[in-house]
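# Breakdown of the fold
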Amino acid sequence: MSALTVTDLCKSFGGLHVTTDVNLDVGPGERRLIIGPNGAGKTTLFNLITGELTPDSGSIALFGHDITRVPSRRRPHLGMARTYQIITLFPHDTILHNVTLALLGLSPMRWNPLIDMKRQSHIVEHARAALDRVGLAHIAERPLSQTSYGERRRVEIAMALAQNPKLLLLDEPFAGLSIDERRDVHQLLLSIPRDVTMVMIEHNMDVALEFAERITLLHFGEVIVEGTRAEVVADPRTREVYLGH
Amino acid sequence: MSARIIAYAITLVALIAVPYWISGDYYINVASQILFYAIFALGLNILVGYAGLVSLGHAGLLGITAYAAGYTLQAGFGHTTAILVALVLGVAAMAIYAVLSLRATGIGFIMITLALGEIIWGLAYRWISITGGDNGINLHGRPEPFGISLDSPSAFYYATLVVFLVALAAVAVFVRSPLGAALMGTRDQPRRMNALGYHVWAIRFWACLLSGLLTAISAVLFVYYTQFISPQALDLTASAEVLLMVISGGAGTLLGPIVGACLVVVVKSVVSGYIERWNMLLGAIFVAIVILMPEGLVPGTMRLWRLAWRKAERRSGKAEAKP
């Protein structure tokens with residue numbers, strides 16, 4: 001059974017067709033890379049998959065379960081997590097609090113108005129473990145506003161991983177990182193076990209190509225080429241669309 | 001930590017001793033007013049400070065609760081029934097407010113709550129058969145919990161103090177709780193909260209209900225204090241006043257709304273005895289707060305205190321280094 005199946009997905013904003021008959025089939029444990037020039041509709045596709053946007057037609061299935069009509073807030077509960085291209089974190093709080101919120105999102109405890117959250121040791125310990133995984137445990141108590149851009153990227157990933165997802169959607173996880181930071185994030189992504197299926201949007205080819213097993217090339221909202229790494233790189237349409245010559 | 005507990009204990013003793021160290025019924029009544037306005041401001045602060053939703057219609061909620069109490073008493077029911085009916089109607093009104101206004105955030109939310117508040121004001125003013133129009137509704141007597149009469153200013157003050165302390169404790173527990181953390185999350189990053197699996201609308205709705213309950217509680221105290229309710233109590237100025245209490249004291253802090261309530265009530269009822277244009281003075285104070293401490297009196301004072309503390313430390317450090 002596929003981890004993620006997208007069938008004939010369409011979305012337009014007025015006359016602008018941002019997603020046109022997109023079909024995707026990502027197997028369990030697969031590492032899929034989605035590439036395409038600016039404005040190709042990559043992030044829109046992510047927003048459709050996570051439910052932040054409603055498709056005009058087509059369907060989305062997660063492990064064989066049709067989720068097209070499932071509200072976006074329910075999808076993390078079904079095993080879907082995402083990171084954002086533009087960092088979307090809680091700037092007034094500590095790194096630990098950010099990750100704790102991610103854990104709390106899947107716990108029924110999030111409705112409890114009477115207990116002290118800082119004293120819920122199992123959830124706080126769990127959050128520390130998630131930070132340890134991305135190498136940020138030593139600065140867990142630091143306010144997010146005092147962290148570097150690269151650290152924030154890793155907090156984004158830690159929050160997604162803390163939710164123990166079956167499908168992880170990464171929207172440009174290397175964007176704006178220095179070479180050293182890029183290597184750290186790359187190592188981090190390689191360390192994620194195979195029971196997590198990953199779909200990644202990325203522009204940075206040298207790290208992204210190494211990561212991907214299969215590649216989907218989007219252009220003007222359509223899938224132009226799809227195949228293994230070697231196939232897509234060799235395809236003349238890839239050069240034409242993506243490399244521009 | 002122990003210093004904090006001592007500070008709390010001293011404050012509590014000072015609050016209990018108010019009727020002894022303040023002479024005159026008038027000033028004890030002012031203290032009661034500060035306390036029930038503080039509950040009102042605590043309720044509004046749940047939305048303004050912790051949910052990031054600014055309401056300009058909360059006086060309408062106060063009005064519905066106060067009129068409900070007044071009308072039920074007038075119809076011949078007892079105090080317990082009147083208080084219960086008033087609280088239920090106040091919270092129900094907030095639920096309707098929330099369903100209508102949570103369709104928007106930001107300016108949209110402000111405008112919808114403003115419109116709802118004005119509608120309630122209009123009803124209070126025009127629906128004379130129920131509200132008495134401009135004449136309002138007069139109440140007779142205060143409830144006697146456990147057989148204690150609340151007719152004297154100090155007895156009413158103590159009753160208000162108990163309710164106030166319970167309300168403050170409830171808010172303190174709430175903001176530390178997971179639901180409180182989730183609410184602040186929806187204030188800062190609603191989109192992310194949704195993507196993390198939170199029901200943003202429902203979290204905001206519960207926050208609205210808590211805010212409505214605190215508003216209703218303060219309204220019951222208000223109407224028993226004044227023994228009278230008329231449309232003036234729920235006009236836009238009243239909504240703006242309590243919003244100013246929250247913002248001037250420090251939105252999103254526990255003590256800010258209390259300090260704000262203190263400031264507004266003292267200027268309104270005490271300073272106005274000496275200065276005829278007390279409105280102007282209040283305006284000037286707000287302008288000064290906005291310029292000097294835009295984050296509000298409580299966080300602003302804490303910032304200046306920390307700054308002064310650090311400066312003093314550095315100076316003593318230098319003095320030690322010199323010889």
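Residues numbered from 1 in each chain as written. Chains lettered and ligands numbered in written order. Predicted model: local features only at pLDDT ≥ 70, side-chain atom pairs only at ≥ 80, totals over all residues.

The number of helices and strands found in chain B is 15 helices and 2 strands. For 323 residues, the compact-globule estimate of 2.2 N^0.38 gives 20 Å, and chain B sits close to it at 21 Å. With the C-alpha coordinates aligned to their principal axes, the bounding extent of chain B is approximately 80 × 55 × 40 Å. Within chain B, the fraction of its 323 residues that count as buried is 46%. If you take every contact in chain B between residues at least 6 apart in sequence, the share linking residues at least 24 apart comes to 73%. (Helix = DSSP H or I, 4+ residues; strand = E, 2+ residues; numbered from the N terminus. Rg over C-alpha atoms; globule rule 2.2 N^0.38 Å. Buried ≥ 20, exposed ≤ 12 C-beta atoms within 10 Å, placed from the backbone. Contact = placed C-beta atoms within 7 Å.)

Scanning chain A for helices and strands turns up 8 helices and 10 strands. With respect to the principal axes defined by its C-alpha atoms, chain A has extents near 55 × 40 × 35 Å. In chain A, which comprises 245 residues, the proportion classed as buried is 42%. Taking all contacts inside chain A whose residues are at least 6 apart in sequence as the whole, residues at least 24 apart take part in 68%.

Formed by 159 residues in total, the largest nonpolar core has its most connected members in V99(A) and A158(A). At 18 residues, helix α3 (residues 25-51) of chain B tops the list of elements feeding residues into this core. There are two domains that each give this core at least three residues, and those are domain 1 (1-79 + 166-245) and domain 2 (89-164) of chain A. Excluding anything up to four places from it in sequence, A158(A) contacts V99(A), A130(A), L131(A), R133(A), V134(A) and L136(A). (Core = buried A, V, L, I, M, F, W, Y, C linked by C-beta atoms within 7 Å. Domains from an automatic or database assignment.)

Attention now goes to the sheet that holds strand β8 (residues 197-201) of chain A. All names here are of chain A. With respect to topology, 6 strands assemble into an open sheet ordered β6-β7-β8-β3-β9-β10, the strand pairing being mixed. Edge positions in the sheet fall to β6 (80-82) and β10 (222-228), since each of these pairs with one other strand and no more. Sheet twist, expressed as the mean angle between neighbouring strand axes with direction ignored, is 15°. As paired strands, β6 and strand β7 (residues 167-171) are joined by 3 bridges and run parallel to one another. (Pairing = 2+ DSSP bridges. Axes fitted to C-alpha atoms, helices over the stretch in contact; angles between N-to-C directions.)

Here we take up the pairing of strand β4 (residues 57-62) of chain A. Residues and elements named next belong to chain A. Where strand β1 (residues 4-13) lies against β4, 5 bridges are found, and the strand directions are antiparallel. Its bridge partner being in β4, T7 is matched across the sheet by S59. The pairing of β4 with strand β5 (residues 65-66) spans 2 bridges and is classified as antiparallel. From the neighbouring strand, A61 faces β5, where its bridge partner is D66. The antiparallel pairing of β4 with β5 creates a hairpin that spans 2 residues between the two strands, and F63 there sits at a positive phi of about 50°.

A word on the environment of G63(B). Residue and element names in this part refer to chain B. Along the polypeptide, G63 turns up in helix α4 (residues 58-74). For G63, a count of 31 C-beta atoms within 10 Å gives the class buried. Among residues more than four places away in sequence, those in contact with G63 are I120, A124, A233 and L234.

Glancing now at the environment of L15(B). Inspection of the secondary structure assignment puts L15(B) in helix α1 (residues 2-16). Residues L15(B) and S149(B), 134 residues apart in the sequence, show an inter-C-alpha distance of 20 Å.

At the junction of the two partners, chain A supplies 24 residues and chain B supplies 20 residues. In terms of residue count, helix α2 (residues 95-104) of chain A provides more of the side of chain A that touches chain B than any other element does, 3 residues in total. When grouped by side-chain class, the residues that make up the side of chain A that touches chain B number 13 nonpolar, 7 polar and 4 charged. (Nonpolar A, V, L, I, M, F, W, Y, C, P; charged D, E, K, R; others polar.)

With that settled, consider the confidence of the model for chain B. All names here are of chain B. Counting all residues, the mean pLDDT for chain B is 91, and 98% of those residues have values of 70 or more. Mean pLDDT values over the elements of chain B span from 84, in helix α15 (residues 297-321), up to 96, in helix α11 (residues 200-226). ipTM for the predicted complex: 0.90, alongside a pTM of 0.91. (pLDDT = per-residue confidence, 0-100.)

This next bit is on the pairing of β1(A). Remark: a regular strand shows side chains that alternate across the two faces of the sheet. Here β1(A) runs beside strand β2 (residues 16-26) of chain A; their pairing, made up of 7 bridges, is antiparallel. In the strand pairing of β2(A), V6(A) is matched with L24(A).

Residue and element names in this part refer to chain B. Put simply, α4 and helix α6 (residues 106-126) touch, their axes get as near as 8 Å, and they point 35° apart. Our pair here, α4 against α6, has a crossing hand that is left-handed. Residues A59, G60, G63, I64 and Y67 of α4 pack against L116, G117, I120, W121 and A124 of α6. Here the contact of α4 with α6 is built from residues that sort into 7 nonpolar, 3 polar and no charged. (Left-handed = near helix turned anticlockwise from the far one by under 90°.)

Residue and element names in this part refer to chain A. Under the domain assignment, chain A is made up of domain 1 (1-79 + 166-245) and domain 2 (89-164). Computed over C-alpha atoms only, the centres of domain 1 and domain 2 are separated by 26 Å. Listed per partner, the contact involves 10 residues of domain 1 and 10 residues of domain 2. Top element by residues in the side of domain 1 that touches domain 2 is helix α5 (residues 179-190). It accounts for 3 residues.

All names here are of chain B. Running from amino to carboxyl end, helix α8 (residues 153-176) crosses α11 at an angle of 175°, the nearest separation of the two axes being 11 Å. Between α8 and α11, the angle falls in the class roughly antiparallel. In contact with F156, T160, V163, A167 and F174 of α8, α11 contributes L210, L214, I217, L221 and Y225. A breakdown of the residues in the contact of α8 with α11 according to their chemical character gives 9 nonpolar, 1 polar and no charged. (Parallel < 35°, antiparallel > 145°, perpendicular 65-115°, else oblique.)

In this section: unusual backbone geometry. Residue and element names in this part refer to chain A. Even without glycine at this site, F220 takes up a positive phi of about 45°. Looking at where F220 falls in the secondary structure, it is placed in the loop between β9 (214-219) and β10. F220 sits in the partly exposed class, given 16 other C-beta atoms within 10 Å.

Residue and element names in this part refer to chain A. The antiparallel open sheet is built from 4 strands, whose spatial order is β2-β1-β4-β5. Both edges of this open sheet fall to β2 and β5, since each of them pairs with a single strand only. The sheet contacts of helix α1 (residues 42-50) involve β1, β2 and β4, and relative to β2 the element is tilted by about 65°.

All right, on to helix α4 (residues 149-162) of chain A then. Residues and elements named next belong to chain A. Over its 14 residues, α4 runs 20 Å from end to end, which matches the ideal 20 Å to within 8%, given 1.5 Å per residue. Of all 14 residues in α4, 12 are buried; the element is thus mostly enclosed. Those residues of α4 lying buried are E151, R152, R153, R154, V155, E156, I157, A158, M159, A160, L161 and A162. Structurally, α4 contributes buried residues whose contacts are with β6, α2, α3 (121-133), β7 and α5. (Expected span 1.5 Å × (residues − 1).)

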